[in-house]
Amino acid sequence: MATILDGLRTDHSRMTKLLDALERQIDAFSEGGRLDFPIVDGILYYCQTYPDRHHHPCEDMVFDRLKQRDPAATAAIGDLQSEHGKLAALTARFATILGAVEQDMPMERSDFTEVAKEFLEAYRHHIMMEEKHFFPAAQARLTPQDWRQLLAQLDQVKDPLFELREDQRFDALYEDLVAWDRNLPAGV
């Protein structure tokens, strides 16, 4: 149990760091600055390759098992798979508008920032909902055998940004995250 939920919570913590980095980029852009494309591209690529392909499918498996154990709990949470689909669609929409900005296509800054903020807000809301409702319900209602079976079904995939560190597309993003963490006051 702890292994799967701990891994999902770690993913959320890491994703929150990426969302914070994206928010800094969006704020700077909306104030007339330039986007640091290697950083923003790294965030987008991460979302397309890790949460959409590995993190969310893992959550979907846990959710399906929870639905078998306690349909009322999952009914209270809502349609998690549909929400994951909406996040994937928002990621695709964000990719489209980011591509337009990178190609210097004419648009208002506010058009980009609106889409980017919608992406940010949806991800933050989703993470909060899962941490507050889904994970505690799964922890309380799934049995040790459920967790062992789920673990056996899961592909063991390393996080491409925080664990593997092999893809150069993440270099600028990783350096930005490290630099930001170094400048934070103690205890933050």
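Every chain begins its residue count from 1, and numbering advances along the sequence as written. pLDDT decides what is reported in this predicted model: residues at 70 or higher carry local features, side-chain atom pairs at 80 or more are listed and counted, and totals for whole chains, interfaces and linings draw on all residues regardless. Neither water nor hydrogens contribute to the side-chain values; these are computed over all heavy atoms in the structure.

Turning our attention to the side chain of Arg14. Runs of E in the DSSP output that reach at least two residues are strands. Runs of H or I that reach at least four are helices, and both are numbered from the N terminus. With respect to the helices and strands, the residue Arg14 is situated in helix H1 (residues 2-30). Burial status follows relative accessibility: with a 1.4 Å probe on protein chains alone, a residue under 20% of its type maximum counts as buried, one over 50% as exposed, and anything between as partly exposed. The class for Arg14 is buried, based on a relative accessible area of 18%. Contacts: residue pairs with any heavy atoms within 4.5 Å of one another. Setting aside chain neighbours within four positions, we find Arg14 in contact with Asp159, Phe162 and Glu163.

Of all residues in the protein chain, 96% attain a pLDDT of 70 or more, and the chain-wide mean is 91. Per residue, pLDDT measures the predictor's confidence, with a range of 0 to 100. For the protein chain, helix H9 (residues 171-183) is the element with the lowest average pLDDT, namely 86, and helix H6 (residues 109-141) is the one with the highest, namely 95.

At Asp104, a position not held by glycine, the phi torsion is positive, near 55°. By the secondary structure assignment, Asp104 is in the loop between helix H5 (80-102) and H6. The class of Asp104 is exposed, set by a relative accessible area of 67%.

Turning to its location among the elements, Leu80 is positioned in helix H5. Each C-alpha atom of the pair Leu80 and Thr143 lies 21 Å from the other, and the pair is 63 residues apart in sequence. Residues within four places of Leu80 in sequence aside, it is in contact with Glu59, Asp60, Phe63, His126, Met129, Glu130 and Phe134.

Once that is clear, we can look at the packing of aromatic side chains. The aromatic pairing rule takes the rings of Phe, Tyr and Trp, using the six-membered ring of Trp, and pairs them if the centres are within 6.5 Å, calling planes under 30 degrees apart stacked, those over 60 edge-to-face and the rest tilted. For the structure shown, the criterion picks out 10 aromatic pairs. Aromatic pair Tyr46 and Phe162: ring centres 6.3 Å apart, planes at 90°, arrangement edge-to-face. In this pair, Tyr46 is assigned in helix H2 (residues 37-49) and Phe162 in helix H8 (residues 160-164), connecting sequence segments 116 residues apart. Grouping aromatic residues by their ring pairs yields a cluster made of Phe29, Phe94, Phe112, Phe119 and Tyr123. Charge-over-ring contacts are defined here by two conditions on Lys NZ or Arg CZ: a distance within 6 Å of the ring centre and an angle within 35 degrees of the ring normal. We note Arg24 situated over the ring of Trp180; from NZ or CZ to the ring centre the distance is 3.8 Å. The ring of Phe29 carries Arg109 above its face, with NZ or CZ at 4.3 Å from the centroid.

Looking now at the packing of helix H3 (residues 51-69) against helix H7 (residues 144-153). Every axis in this analysis is a line fitted to C-alpha atoms, fitted for helices over the stretch in contact. Angles between the N-to-C directions lie between 0 and 180 degrees. Relative to each other, H3 and H7 sit at 150°, their axes nearing to 11 Å. Classified by the angle their axes make, H3 and H7 are roughly antiparallel. When the axes of H3 and H7 are compared, the crossing they make is right-handed. Counting all contacts with H3, which are made through Met61, Val62, Arg65 and Arg69, the residues of H7 involved are Asp146, Trp147, Gln149, Leu150 and Gln153. In what follows, roughly perpendicular refers to angles from 65 to 115 degrees, roughly parallel to angles under 35, roughly antiparallel to angles over 145, and oblique to any angle outside these ranges. Crossing handedness: left-handed means the near helix sits turned counterclockwise from the far one by under a right angle, and right-handed means the same turn made clockwise.

Quick look at the packing of H5 against H6 now. Contact geometry of H5 with H6 gives a least axis separation of 9 Å together with a crossing angle of 155°. Of the possible angle classes, the one that applies to H5 and H6 is roughly antiparallel. Note that H5 runs across H6; the crossing there is left-handed. Amino acids outside the nonpolar list (Ala, Val, Leu, Ile, Met, Phe, Trp, Tyr, Cys, Pro) and the charged list (Asp, Glu, Lys, Arg) are all regarded as polar, and Gly is one of them. Looking at the contact of H5 with H6 residue by residue, the class counts come to 15 nonpolar, 4 polar and 5 charged.

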